[in-house]
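Geometric and topological summary
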Amino acid sequence: MITGEARVVTNKEVKPGYYCLRLHAPQIARMALPGQFALLRCTTGNATDPLLRRPLSFHKVLRQLGEVSFLYQVKGKGTKELSRFVPGQTVSVIGPLGRGFRLPSIGPIAVIAGGVGVAPLVYLAQMANEQGLEIYTFLGARSSDNLLADPDLVAASTSFFRATDDGTQGFKGTIVELLNQAADQITTCTAAYICGPEPAMAAAVSVCKKLGVPCQVSIESVMACGVGACLGCTCRTTRSTKYSRVCTEGPVFDGMEVIFDDHL
Ligand SMILES: Cc1cc2nc3c(=O)[nH]c(=O)nc-3n(C[C@H](O)[C@H](O)[C@H](O)COP(=O)(O)OP(=O)(O)OC[C@H]3O[C@@H](n4cnc5c(N)ncnc54)[C@H](O)[C@@H]3O)c2cc1C
Ligand code: FES
């Protein structure tokens, strides 16, 4: 884990309300694995609001350039402040943190993302593609405006399916309806990787369970320390401890061990 200042290479709005931040951070780029995350300080100088760093998943890692990127949605104060950073400024970063995804030795794999949940799965797909695994990608969002079909993810995918709730792009319906339609294809997968809003993740895990496909999920929670000390980030799991720390035991968990009971 490295703590340091990283220079902003670019910080572009890719769709209204969604940004891609590229940082020059060679040491972090050397170590970061798919599914891991970093804590970013969203303020500059002596400003302290917001005080807590914000967690973002590695979206892409360009090792030869010593760069990492983050794809983020502006939600509140922290991400709003982050969107104001310009090239040449520095951002204080701690990372890589947490446990990432584990890839199987044979595919195909299913990549299932809702909204900005696609962020960690782009790096995962890049790695899976380098290992020669076939990738079936299922991307869902409320509307075309929220569908983040990253060109590198499209290129890495053997087949790429889109769904929007309002039908403005791809299949008209939810990602779960799309998954149910593609059940024959998903059944052939050796693993599925899921990230998105919690109700959609819970439903996608249920589909995988029904089809007998092992799955991993990337869980989000509000974080403080990021290193397992404050217990502020716990989620319910079937482990003997009942609760697991998202920052150290996750953010990637086996989909079957996370208790999403509010949504099922
Ligand atoms: C391991 C991890 C990886 C993440 N990766 C990404 C990513 O790649 N891209 C991305 O856009 N976001 C990601 N997030 C979520 C991101 O950290 C939050 O959206 C961000 O911290 C919100 O900060 P804010 O100051 O803008 O909003 P706040 O003012 O803190 O909150 C605004 C609203 O968002 C809700 N919120 C705050 N934090 C979270 C959270 N962690 N999960 C869900 N809702 C939250 C609050 O309850 C509130 O309603 C990740 C979270 C975790 C834990
Ligand atoms: S954020 Fe402190 S224990 Fe996870």
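Presented here is an overview of the structure given in this document. (Residues numbered from 1 in each chain as written. Chains lettered and ligands numbered in written order. Predicted model: local features only at pLDDT ≥ 70, side-chain atom pairs only at ≥ 80, totals over all residues.)

1. Quick notes on the sheet that holds strand 7 (residues 90–97)
Under the convention used in this document: A pair of strands counts as paired when DSSP detects no fewer than two bridges linking them. Each helix is a run of H or I in the DSSP string that is no shorter than four residues. Each strand is a run of E no shorter than two, and both are numbered from the N terminus. To get an axis, fit a line to the C-alpha atoms, keeping to the stretch in contact for a helix; angles then go from 0 to 180 degrees between the N-to-C directions. Any residue pair is listed as a contact if its two C-beta atoms, each placed from the backbone, are within 7 Å.
Spatially, 4-3-7-1-2-6-5 is the arrangement adopted by the seven strands of the open sheet, whose pairing is antiparallel. Lying at the two open borders of the sheet, with one neighbouring strand each, are strand 4 (54–57) and strand 5 (60–62). Averaged over neighbouring strand pairs, the angle between their axes works out to 35° when direction is ignored. Bridge analysis of strand 1 (residues 2–15) against strand 2 (residues 18–24) gives seven bridges, and the strand direction is antiparallel. The residue of strand 2 that forms the bridge with K12 is C20. Set on the sheet, helix 3 (residues 119–130) makes contact with strand 4, strand 5 and strand 6 (67–73); between it and strand 5 the angle comes to about 50°.

2. Examining the environment of V91
As for its placement among the helices and strands, V91 is situated in strand 7. Along the primary structure V91 and K75 are separated by 16 residues, whereas in three dimensions their C-alpha atoms are 19 Å apart. The contacts of V91, once residues within four sequence positions are left out, are A6, V8, L23, L40, R41 and F85.

3. Side note on the nonpolar core
Convention followed: The nonpolar core is taken to be a set of buried Ala, Val, Leu, Ile, Met, Phe, Trp, Tyr and Cys residues joined by way of C-beta atoms within 7 Å. Buried means a residue has 20 or more other C-beta atoms within 10 Å of its own C-beta, exposed means 12 or fewer, and partly exposed covers the counts in between; C-beta atoms are placed from the backbone. An automatic or database domain assignment is the source of the domain bounds shown.
Counting residues in hydrophobic clusters, the biggest one holds 82 residues, and the most contacted among them are I112, A192 and A204. Both domain 1 (2–97) and domain 2 (109–257) contribute no fewer than three residues apiece to this core. Each residue touching I112, except ones within four places of it in the same chain, is listed here: F138, I175, L179, A192, Y193, I194 and A204.

4. Some remarks on the pairing of strand 9 (residues 135–141)
Selection criterion: The handedness of a crossover follows from its direction of travel: if, with the strands pointing away from the viewer, the path from the first strand over the helix to the second runs clockwise, the crossover is right-handed.
Burial within strand 9 is extensive, with seven of its seven residues counted as buried. Neither face of strand 9 is exposed, since I135, T137, L139 and A141 on one face and Y136, F138 and G140 on the opposite face are all buried. Note: strand 8 (residues 109–114) against strand 9, six bridges, orientation parallel. Bridge pairing in strand 9 places I109 opposite I135. As paired elements, strand 9 and strand 10 (residues 159–164) share six bridges and run parallel to each other. Each bridged residue has a counterpart across the sheet, and for F138 the counterpart in strand 10 is F161. Note that the unit made of strand 9, helix 4 (residues 151–156) and strand 10 has a crossover that is right-handed.

In short, geometric facts, not functional conclusions.
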